[in-house]
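# Descriptive analysis of the structure
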Amino acid sequence: MLQHTLAELSALLLARKISSEELLRAYIDRNETLGRELNCFISFIPELALEQARRADKLLQTGEASALAGIPIGHKDIFCTEGIKTSCASRILDNFIAPYNATVVERLNKAGMVTLAKTNMDEFAMGSSNETSFYGASLNPWDKQRVPGGSSGGSASAVAARLLPAATGTDTGGSIRQPAAFCGISGLKPTYGRVSRYGMIAFASSLDQGGTLTRDARDSAMLLGEMAGFDPLDSTSVDHPVDDYTGALDKPIEGLRVGLPKQFFNSKLDSGIADRIDDAIKELEKAGARIFDIELPNTHLSIPAYYVISPAECSSNLERYDGVRFGYRCENPVDLSDLYCRSREEGFGKEVKRRIMIGTYVLSSGYYDAYYLKAQKVRRLIRDDFQQAFSQVDVILGPTTPSTAFKLNENMDDPLNMYLSDIFTVSVNLAGLPAMSIPVGFSDSLPVGMQLIGNYFDESRLLNLAHQYQTVTDWHEHTAEGFEL
Ligand code: GLN
């Protein structure tokens, strides 16, 4: 049963060949035997899931269930889940039980999906390796000495190890695409505003976007169809029609114009990755795609701009954790100032504090113009580069990451190097565009991800291209040794 994708499970459940409860129990068993070692989950909630599965089974019997009814899913622990611990992988929220559901969770619940776990992540989604989690890093199933990527590392590792058929994630600078690439699965970050941020704990509000981590593009299309759409509870949610993502998958890609940005194929790119991307480009050409060289001249400025803008927003968003209303509170504070200071000192980890310090600095009077305003101007230039490129091509293609999954602890004492692992992904968030990472093979036995970037609200084109590639290749079907089905 566990070998099936969401699309296949949906068909089996709707035809009542399997039940949701039976499917869920199979996942619970697999997690018991194989799950623990990867540390993918912050909360594993089989009892609540069983209740949801039984409800889904009743719905399935009526013949009125939606396509996703009865299918288990994991939510990144950044999404508020009513009555369930929502920690954001931080000590400061270790005792926080969310009083309401994020819109993403609410929509998937309504569709009848079954929440089996809250997945591990970098603390407040700050990181590229999952190592900043208060609960310890989750591991990469392809090599347990290596990181699964971050910050949605638990979601990616769990889907890759087939501990869950699909999971949600969030992407502020690459946190869906980079772990998807490191773990050999498909990850989709939608256009900013496509998926509601309501109930998604904020890191950098102008960049954060929820999305999907799945085995293949068809599954992403199914999930996005339920997650996307206007939400009056999120003022940045966009009232734009939701496409029929699954309906668009089978369109031929003949004539599609694909641009390769010169700046993404430089000498810093791992040669094994470059080779796999070349192979994938050849496959797309065979299917009729037309390849063009393009320029994204300000790519080198994206990391510096991101590391001014995202800490600035984070320093403001994280002000609310003060030890007063909810979350961790230090013991025996002597006065109010001691309560604030020690609760935050003890509650936040090192990387989060680093970001708050940088953010406070770049926003402080005298530095605001020099750093924050300047970074906003650079952001506009990066956005303009993409708009220029999209006047020439339909989709932009390149590597997702400069290297494959790195070793645990390899970058923990070198934040700059850690930040550089998002060199190809952050510009997309600065511009607010949709992008996907799909597996295109292996380099030294580790998965390689290819990134597809689309114009605003063009998710269906990305999914279509990814699906067409996945119909002629089988990289998305490989599983790591020890996790075969
Ligand atoms: N690695 C980047 C950071 O640490 C991006 C994280 C993310 O997308 N949430 O900020």
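Residues numbered from 1 in each chain as written. Predicted model: local features only at pLDDT ≥ 70, side-chain atom pairs only at ≥ 80, totals over all residues. Heavy atoms only, no water.

Next up on the list: the packing of aromatic side chains. One pass over the full model with this rule turns up 18 aromatic pairs. An angle of 90° between the planes, with centres 5.9 Å apart, marks the rings of tyrosine 321 and phenylalanine 326 as edge-to-face. Since its relative accessible area comes to 30%, phenylalanine 326 is described here as partly exposed. Ring-pair connections join several aromatic residues into one group, and the members of that group are Phe96, Phe124, Tyr321, Phe326 and Phe348. (Phe/Tyr/Trp six-rings, centres within 6.5 Å; stacked < 30°, edge-to-face > 60°. Buried < 20%, exposed > 50% of the residue type's maximum accessible area, 1.4 Å probe, protein only.)

Here the focus is helix H7 (residues 217-227). H7 sits mainly inside the fold: eight of its eleven residues count as buried. Inspection of H7 places Ala217, Asp219, Ser220, Ala221, Met222, Leu223, Leu224 and Met227 among the buried residues, and these make up the whole buried set. Taking the backbone nitrogen of arginine 218 as reference, a side-chain oxygen 3.3 Å away marks aspartate 216 as the first, capping residue of H7. Positive phi appears at glycine 229, one or two residues downstream of H7, with a value of about 135°. (Helix = DSSP H or I, 4+ residues; strand = E, 2+ residues; numbered from the N terminus. Polar contact = N/O pair within 3.5 Å; in protein donor to acceptor, adjacent residues only side chain to side chain.)

A word on helix H10 (residues 336-347). Residues spaced three or four apart along an α-helix point in a common direction, a consequence of the helix completing one turn every 3.6 residues. Between its terminal C-alpha atoms H10 stretches 16 Å, which fits the 16 Å expected from twelve residues at 1.5 Å a residue. Buried within H10 we find Asp338, Leu339, Ser343 and Gly347. Burial along H10 is one-sided: seen end-on, the buried residues are contained in an arc of 125°. Near the N-terminus of H10, the side chain that reaches the backbone nitrogen of serine 337, with its oxygen 3.3 Å away, is that of aspartate 335. (Expected span 1.5 Å × (residues − 1). Arc of directions from axis to C-beta.)

Quick look at the site of the ligand now. As a structural note, the neighbourhood of the ligand is formed by 15 residues, with Gly173, Ser175, Tyr306, Arg355 and Asp422 the closest of them. With respect to the ligand, the side chain of tyrosine 306 contributes an N or O atom lying 2.6 Å from an oxygen atom. Measuring from an oxygen atom of the ligand, one finds a side-chain N or O atom of arginine 355 at 2.7 Å. When isolated, the ligand has an accessible area of 290 Å², and the protein chains bury 100% of it. In a pocket analysis with a 2 Å cut-off to the grid points, the ligand is assigned to the largest cavity. Residues that form the shell around the ligand fall into these classes: five nonpolar, seven polar and three charged. (Near = heavy atom within 4 Å. Areas by Shrake-Rupley, 256 points an atom, 1.4 Å probe, with all protein chains shown as cover. 1 Å grid on protein atoms, 1.4 Å probe; cavity = no way out; pocket = protein on both sides within 12 Å on 5 of 7 lines; lining within 4 Å. Sits in = over half its atoms within 2 Å of the grid points. Nonpolar A, V, L, I, M, F, W, Y, C, P; charged D, E, K, R; others polar.)

Attention now moves to unusual backbone geometry. Geometrically, the link from glycine 150 to serine 151 is a cis peptide bond, its omega value of 5° lying close to zero. In the Ramachandran plot, asparagine 39 falls in the positive-phi region, its phi being about 55° despite a non-glycine side chain. Considering the arrangement of structural elements, one finds asparagine 39 in the loop between helix H2 (20-35) and strand S1 (41-44). Judged by its relative accessible area of 25%, asparagine 39 is partly exposed. Its identity as a non-glycine residue notwithstanding, phenylalanine 124 has a phi of 50°, on the positive side. Here phenylalanine 124 shows up in the loop between strand S3 (114-119) and helix H5 (153-160). Take phenylalanine 124: its relative accessible area is 1%, and that puts it in the buried class.

Keep in mind these values describe shape, not function.
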